Protein chains: 2
Amino acid sequence: MIMRHGGWCWKKHGFKECGLRKTQAREALIKLLSQTEGHLTAEEIFWKLKEVLPGIGLATVYRTLELLTQLGIIKKLDFQEGKARFEFIKQEERDHHHLICKVCGKIINYTPSEEYQVLKDLTEKIEKDFDFKVETLEIQAYGVCKDCKRS
Amino acid sequence: MIMRHGGWCWKKHGFKECGLRKTQAREALIKLLSQTEGHLTAEEIFWKLKEVLPGIGLATVYRTLELLTQLGIIKKLDFQEGKARFEFIKQEERDHHHLICKVCGKIINYTPSEEYQVLKDLTEKIEKDFDFKVETLEIQAYGVCKDCKRS
DNA sequence: GTCTTTGCAAAACGTTTGCATGTTC
DNA sequence: GAACATGCAAACGTTTTGCAAAGAC
């Protein structure tokens, strides 16, 4: 098992202090995802990393993605495609959501402005009605995008 | 391919008129899901149907689930478990959402009242800001449920 | 030197498909 | 009897795992 010390460690301390090692694969994967706008699948990440680290294996990509997800550095996404996608968590768009076009499959990021009251209201209502502590609210809007509406 | 006539047919006409046949498997599956509160996986459905139709195969379950999803009779759900879940679409809770407990995995249905303005506002804002036609809005709240908060 | 991480190949998992057989209309 | 639906087994694509070798500290 990879996470010997639990997710809390990396968040409070550093990579080293948690018994985790800085390796080429991990650094390259973080670099790649932090510089990527879109949402990549594990295999797309694998092939992109191959350009930098030709010897890398797919298993390492999966293990690293799992690790970084646990650490809260990246986010695993599911758009009902039968495979996962991953994205780097940027501070400024921590709680953003997705619009998915049913026609062309395009995925659009939606970052509500910090003070968008509607989502706070919704969260509060859920917490009160169900006595449920909401940690993350995920919203997907499935529909038809601008370009596909025209054609 | 199962859907020779497209989803539009069943919605406008009947089962028969669309060249679809009423079979034991389809009737049993609709009956099962319409009487089930929770969200079942394909395999759970398979084993429950086995009690009624011992000869049924898993492939038929998958094919029927796909068919009924296309027809808009049931809904396919994804809670990031690596497998799909299915639920019957009840008229009175057409656009309901889900609260998922990260601790015990329990899934709670959340049906906002018809006139809940917050969701209409959100939908309108998305449609205006992105020129995107929203067909369905899916919301998942991941967090900790009542029972798990106490223990 | 010790413990962690890796690559490889094989396995596991949920799901889909080809095809001969069975069912429905 | 013609068209559709089924069961079975095999195939599929994604993800996980066991293990020996390589790498980080």
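In what follows, the structure referred to is the one given above.
Residues numbered from 1 in each chain as written. Chains lettered and ligands numbered in written order. Predicted model: local features only at pLDDT ≥ 70, side-chain atom pairs only at ≥ 80, totals over all residues. Heavy atoms only, no water.

(A) Region of the structure containing the pairing of strand E4 (residues 97-101) of chain B. All names here are of chain B. Across the five residues that make up E4, a large majority, five, are buried. The pairing of E4 with strand E5 (residues 107-110) spans four bridges and is antiparallel. Bridged to histidine 97 within E5 is tyrosine 110. The hairpin formed by E4 and E5 contains five residues between the paired strands, and glycine 105 there has a positive phi angle of roughly 80 degrees. (Buried < 20%, exposed > 50% of the residue type's maximum accessible area, 1.4 Å probe, protein only. Helix = DSSP H or I, 4+ residues; strand = E, 2+ residues; numbered from the N terminus. Pairing = 2+ DSSP bridges.)

(B) View of the protein's contact with DNA strand D. Around DNA strand D, the structure places 24 residues, and the nearest of them are Arg21, Tyr62 and Ala84 of chain A together with Arg26 and Thr60 of chain B. Near the protein, meaning within 4 Å, the atoms of DNA strand D are sugar or phosphate in a fraction of 70%, with bases accounting for the rest. Contacts to DNA strand D include threonine 23 of chain B, whose side-chain N or O atom sits 2.9 Å from a phosphate oxygen. Within the backbone of glycine 57 of chain B, a nitrogen or oxygen atom sits 3.0 Å from a phosphate oxygen of DNA strand D. Elements with a minimum of two residues in the surface near DNA strand D: helix H3 (42-52) and helix H4 (58-70) of chain A together with helix H2 (24-34) and helix H4 (58-70) of chain B. Counting residues per element, the surface near DNA strand D draws most heavily on H4 of chain A, at four residues. (Near = heavy atom within 4 Å. Polar contact = N/O pair within 3.5 Å; in protein donor to acceptor, adjacent residues only side chain to side chain.)

(C) Structural context of the relation of the copies chain B and chain A. Between chain B and chain A, which share one sequence, the superposing operator has a rotation angle of 179 degrees and an axial displacement of 0.0 Å; the RMSD is 0.2 Å. What the rotation and shift describe, once combined, is the action of a two-fold rotation axis. Considering only C-alpha atoms, the residue of chain B closest to the rotation axis is isoleucine 139 of chain B, which sits at 2.3 Å. (Least-squares fit on C-alpha atoms with pLDDT ≥ 70 in both.)

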